[in-house]
Amino acid sequence: MNNLKLNLGCGQVRPEGWINTDSSLNSLIQQLPLGKRMARMLGANQEYQSGNAKYMNLNQKWAQIQNSSVEVVYASHLFEHLSSHSASLFLSEAYRVLAPSGTIRLVVPNLSAHATLYVEEFNNGNKDAYKQFMWALNMHLEGQYPPNKMLHNLIGFFQGYPHQHKYMYDFFALASKLGDHGFVDVVESAHGISQNIKSIGDVENETIKGYGLSLYIEGKKPAL
């Protein structure tokens, strides 16, 4: 098996030894000479500390990645931002590029955990329980993203921003989706723990805590 490891939608997490990709035009601009200054002029609210990332649009086929050439496909808090069509394309492409026995690992907000917390808080008389639940859902909640500079907003329009959630998943929903695309041995995991990815600490460690109530799920491409 090849040792290529994909870290898709990497954001600030860009470890060496991984192919880190991001679809953010802000990330791409900041890799240019004087790019950070340009990004600030455009109203960007995030400055990337590392240029170790490639641009990749996950709404399209992964033409730059060869069949059966990858050991790990990893994505944290990205999959829930994909439409149904793009999510199916993502899993089909992940299956294609993974070598036999390769691993896919997805981290998404845990719908079951958020719903359980909401019910508990509601039953305990917390009148604001719905606010946290709606924030966690992040689905077309008005005012979730404050307005920014005009040019920044224009670029965001063409990129499909703001990045609100398209779907929410619990274990059964996401496991079923993985199974439908050919993945086997689908299991729930935890932050920084993996039986299949030895270098999981590169993308999940003590300094990368994640986003609170998250679902960690892994599946494998069948061996030959």
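Refer to the structure printed above.
Here goes a summary of the coordinates provided.

Criteria and thresholds
Sequence order as written defines residue numbering, which begins from 1 separately in each chain. For a predicted model such as this one, the threshold for reporting local features is a pLDDT of at least 70, and the threshold for listing and counting side-chain atom pairs is 80 or more; totals across whole chains, interfaces and linings nevertheless cover every residue. Think of the side-chain values as coming from all heavy atoms in the structure, minus any hydrogens and water. Only when DSSP finds a minimum of two bridges between them are two strands counted as paired. Helix numbers and strand numbers start at the N terminus; a helix is a DSSP run of H or I with at least 4 residues, a strand a run of E with at least 2. Two residues form a contact once any of their heavy atoms are found within 4.5 Å. Axis angles are defined between N-to-C directions and span 0 to 180 degrees, where every axis is a line fitted to C-alpha atoms and, for a helix, only to the segment in contact. Two rings from Phe, Tyr or Trp (for Trp, the six-membered ring) form a pair when their centres are within 6.5 Å of each other. A pair whose planes differ by under 30 degrees is stacked, one over 60 is edge-to-face, and the rest are tilted. Each residue gets one of three labels from its accessible area relative to the maximum for its type: buried under 20%, exposed over 50%, partly exposed in between, using a 1.4 Å probe on protein chains only. Geometrically, a lysine NZ or arginine CZ counts as sitting over a ring once it is within 6 Å of the ring centre and also within 35 degrees of the ring normal. To define a nonpolar core, start from buried Ala, Val, Leu, Ile, Met, Phe, Trp, Tyr and Cys residues and group those joined through side-chain atoms within 4.5 Å. Put simply, angles under 35 degrees are roughly parallel, angles over 145 are roughly antiparallel, angles from 65 to 115 are roughly perpendicular, and the rest are oblique. We call Asp, Glu, Lys and Arg charged. Ala, Val, Leu, Ile, Met, Phe, Trp, Tyr, Cys and Pro are nonpolar, and the rest, Gly among them, are polar.

1. Some words on the sheet that holds strand E3 (residues 54-55)
Then comes step 1: Strands sit in the order E3-E2-E1-E4-E5-E7-E6 across an open sheet of seven strands; the sheet is mixed. The strands lining the two open edges of the sheet, one partner per strand, are E3 and strand E6 (184-189).
Then comes step 2: Direction of pairing for strand E5 (residues 98-109) relative to strand E7 (residues 214-220): antiparallel, over a ladder of seven bridges. By the bridge assignment, Ile104 is partnered in E7 with Gly219.
Then comes step 3: On top of the sheet, helix H7 (residues 171-180) reaches E5, E6 and E7; it is set at about 25° to E7, its chief contact.

2. Here we look at the packing of aromatic side chains
Then comes step 1: Inspection of every chain in the model, using the stated rule, returns nine aromatic pairs.
Then comes step 2: Ring centres 5.5 Å apart and planes at 45° place the aromatic pair Phe79 and Tyr169 in the tilted group. Of the two residues, Phe79 sits in the loop between strand E4 (70-76) and helix H3 (84-97) while Tyr169 sits in the loop between helix H6 (150-159) and H7, which places them 90 residues apart along the sequence. Each of the two residues, Phe79 as well as Tyr169, counts as buried.
Then comes step 3: For the ring pair Tyr118 and Phe133, a centre distance of 5.1 Å and an interplane angle of 25° mean the geometry is stacked. With a gap of 15 residues between them, Tyr118 in helix H4 (residues 111-123) and Phe133 in helix H5 (residues 129-137) connect regions that are remote in the sequence.
Then comes step 4: Judged by its relative accessible area of 19%, Phe133 falls in the buried class.
Then comes step 5: Clustering of aromatic rings is evident, with ring pairs tying together Trp62, Phe79, Phe90, Tyr167 and Tyr169.
Then comes step 6: Sitting above the plane of the Trp18 ring, Lys5 keeps its charged end 5.4 Å from the centroid.

3. Digging into the nonpolar core
Then comes step 1: The biggest cluster of nonpolar side chains holds 29 residues, and the ones touching the most others in it are Trp62, Val73, Phe79, Phe90, Ile104 and Leu106.
Then comes step 2: Among the elements of the structure, strand E1 (4-8), E4, H3, E5, H7 and E7 are those that each provide at least two residues to this core.
Then comes step 3: For Phe90, the contacting residues outside a window of four places in its chain are Leu8, Leu58, Trp62, Val73, Ala75, Leu78, Phe79, Leu82, Ile104 and Leu106.
Then comes step 4: Within the second largest apolar cluster, eight residues are counted, among which are Trp18, Ile200, Val203 and Tyr216.

4. Some words on the packing of H4 against H5
Packed helices, taken two at a time, are described by their axes: the angle between them and the distance between them.
Then comes step 1: Two elements in contact, H4 and H5, have axes whose closest approach is 9 Å; the angle formed by their N-to-C orientations is 170°. Here H4 is positioned roughly antiparallel relative to H5, judged by the angle of their axes. For the pair H4 and H5, contact is made by Leu111, His114, Ala115, Tyr118, Glu121 and Phe122 and by Ala129, Tyr130, Phe133, Ala136 and Leu137, respectively.
Then comes step 2: Residues that form the contact of H4 with H5 fall into these classes: nine nonpolar, one polar and one charged.

Purely spatial values, then, with no claim about function.
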